[in-house]
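So you can see what is in the structure, the chains are spelled out below.
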Amino acid sequence: MKTAVIVFPGSNCDRDLAVAFEQATGHKPHMVWHRETQLPDGIDLIGVPGGFSYGDYLRSGAMAAQSPVMRAVSESAAKGAYVLGICNGFQVLTETGLLPGALMRNAGISFVCRDVKLSVANSQSAFTSRYAADEEITIPVAHHDGNYFADAATLDRLEGEGRVAFRYAEEVNGSARNIAGVLNEAGNVLGMMPHPERMSEAAHGALDGKRLFDALASV
Amino acid sequence: MKARVTITLKNGVLDPQGKAIHHALEGLGFDGVNDVRAGKMIELDLADGTTDAEIEEMCKKLLANTVMENYRIERA
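Residues numbered from 1 in each chain as written. Chains lettered and ligands numbered in written order. Predicted model: local features only at pLDDT ≥ 70, side-chain atom pairs only at ≥ 80, totals over all residues. Heavy atoms only, no water.

A. Geometry of the overall build of chain A. Helix and strand content of chain A: six helices and eleven strands. Its C-alpha atoms give chain A a radius of gyration of 15 Å, within 12% of the compact-globule value 17 Å for 219 residues. Taken over the C-alpha atoms alone, chain A extends approximately 40 × 35 × 35 Å along its principal axes. Taking as baseline every contact in chain A between residues at least 6 positions apart, the subset at least 24 positions apart corresponds to 73%. Accessible area of chain A: about 8600 Å², with a carbon and sulfur share of 47%. Each charge class in chain A was averaged separately, 18 positive and 25 negative side chains, and the resulting centres sit 3 Å apart. (Helix = DSSP H or I, 4+ residues; strand = E, 2+ residues; numbered from the N terminus. Rg over C-alpha atoms; globule rule 2.2 N^0.38 Å. Contact = heavy atoms within 4.5 Å. Areas by Shrake-Rupley, 256 points an atom, 1.4 Å probe, with all protein chains shown as cover. Lys, Arg positive; Asp, Glu negative; His and termini not counted. Charge placed at Lys NZ, Arg CZ, Asp CG, Glu CD.)

Below you can see the structure in the form of C-alpha cells.
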C-alpha cells in the first residue's frame, strides 16, 4: 500500500502520522508539501494530519482547505483513495467539503488535551474493521475546536447511513450527538478529532489507535 | 472602495466565546446584559467595480463557513 501525508505550514502531527503509516504498511509515506498540485502516482491512502495549519487563521482548517494540494486530495478521494483526517485534518476535510458539518470552538471554551473514551459506532468501515461494534476504546484528544456541528437533517442522515464512525463515550467538547468521527458517503474518507497515531505503540500505554492503521493497511 | 463583512454564528448555534464575555461582564458588575454574541469583522479594500455578486462569492467560498455562520456585507 502506498501512502502519503500532507504537510501544511503549522502541521505538527505529520511525523507521528508518518510513523504510524510506516509501522502499519512497512513503507515510508510520501510527505507532500501543501504547495504541490499533484500527489505521487498510485497513492492508496492519504493522511491529513493534526496541528495548526496556517496558524488557524480565519477558522481552523479554512486556509489549508484552499491550498493547491487539497484539490489533488479531493480528486484522489473521488477516485477511491482512502483519506484519513485527524484533528486539524478533520477540520480541513470539513472546510474542503469532503465531509459534512463543521468543527466549532469547544463548548467549555478550554483546549482539551487528555485521553478520552470512545465507542465504535460503525465497525464495518475500512478504517474501523479491527474494532468490535460498540467497543469502547481509549484515544487521546488535543484540540480547541472539536465541537462537531451540523444541522439536524444532516445528523439524522449521518446516523441513518452508518456514517458516524466514533462517538465520545464521555463529555468532551459539546459535539452534536457526541460525534467524534464521521465518514463520507462512499466510506473512503474519515475525519476524526481523536489522535489514533498517539495510541499506537506499546510506549503510548495502549494500542487502541494502531488497529485503525492495521485495518487500513489490510484493505 | 471598501466593504465590511460581519460574520456571526447562526442563531441557535452555541457561542462559548460570547458566553464567556457575558460572564466576565457580569463579573465586572455590569448588570442588564441579556446576551452576548461574538463574531468577526473583515474589511476588504476592493478594486472599483467589484460587484456585490463577487463579494458574495468571497463570503461563501472562504470568509464565512455557512454551515455555522451568517455574513453581512456593507459597502463603505
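B. Quick look at the sheet that holds strand β3 (residues 69-75) of chain B. Residue and element names in this part refer to chain B. Overall, antiparallel pairing links the three strands, which are arranged β2-β1-β3 in an open sheet. Among the strands making up the open sheet, the edge pair consists of β2 (39-45) and β3. Across this sheet, the average inter-strand angle for adjacent strands is 20 degrees, counted without regard to direction. Pairing geometry for strand β1 (residues 2-9) and β3, over seven bridges, is antiparallel. Bridge pairing in β3 links Leu9 to Glu69. Of the strands in this sheet, β1, β2 and β3 touch helix α2 (residues 52-63), which is tilted by about 150 degrees from β3. (Pairing = 2+ DSSP bridges. Axes fitted to C-alpha atoms, helices over the stretch in contact; angles between N-to-C directions.)

C. Highlighting the pairing of strand β9 (residues 164-168) of chain A. Residues and elements named next belong to chain A. A large share of β9 lies buried, amounting to four of its five residues. Two elements, strand β6 (residues 112-120) and β9, share three bridges in a ladder whose sense is antiparallel. Directly across from Ser119, in β9, lies its bridge partner Arg167. Where β9 and strand β10 (residues 179-183) come together, three bridges link them in antiparallel fashion. Residue pairing for β10: Arg167 is matched across the bridge by Ile179. (Buried < 20%, exposed > 50% of the residue type's maximum accessible area, 1.4 Å probe, protein only.)

D. Broad picture of the layout of surface pockets. Reported here for the largest pocket is a volume of approximately 480 Å³. Lining the largest pocket are 25 residues; nearest its centre among them are A:Leu58, A:Arg59, B:Gln17, B:Lys40 and B:Glu69. Elements with a contribution of two residues or more to the lining of the largest pocket: α4 (88-96) and β5 (102-104) of chain A together with β1, α1 (16-27) and β2 of chain B. Within the lining of the largest pocket, the residues separate by chemical class into ten nonpolar, seven polar and eight charged. Looking at the lining of the second largest pocket residue by residue, the class counts come to five nonpolar, four polar and three charged. (1 Å grid on protein atoms, 1.4 Å probe; cavity = no way out; pocket = protein on both sides within 12 Å on 5 of 7 lines; lining within 4 Å. Points joined across faces, edges and corners; volume = space filled by probe spheres on them. Nonpolar A, V, L, I, M, F, W, Y, C, P; charged D, E, K, R; others polar.)

E. The arrangement of the environment of A:Glu185 in detail. Residues and elements named next belong to chain A. Looking at where Glu185 falls in the secondary structure, it is placed in the loop between β10 and β11 (189-192). Taking the C-alpha atoms as reference points, Glu185 and Pro100, 85 residues apart in sequence, are found 9.7 Å from one another. In this view, Glu185 contacts Glu161 and Arg163; residues no more than four positions away in its chain are not counted.

F. Looking closely at the interface of chain B and chain A. The interface of chain B with chain A comprises 16 residues on the first partner and 14 residues on the second. Together chain B and chain A conceal approximately 1200 Å² of surface at their shared face, both sides included; 70% is due to carbon and sulfur atoms. Inspection of the chain B/chain A interface yields one salt bridge. For A:Arg59, the salt bridge goes to B:Glu69, with nearest N and O atoms at 3.8 Å. At the boundary of chain B and chain A, one finds four residue pairs in polar contact (both at pLDDT 80 or more). (Buried area = accessible area lost by both parts, 1.4 Å probe. Salt bridge = Lys/Arg side-chain N within 4 Å of Asp/Glu carboxyl O. Polar contact = N/O pair within 3.5 Å; in protein donor to acceptor, adjacent residues only side chain to side chain.)

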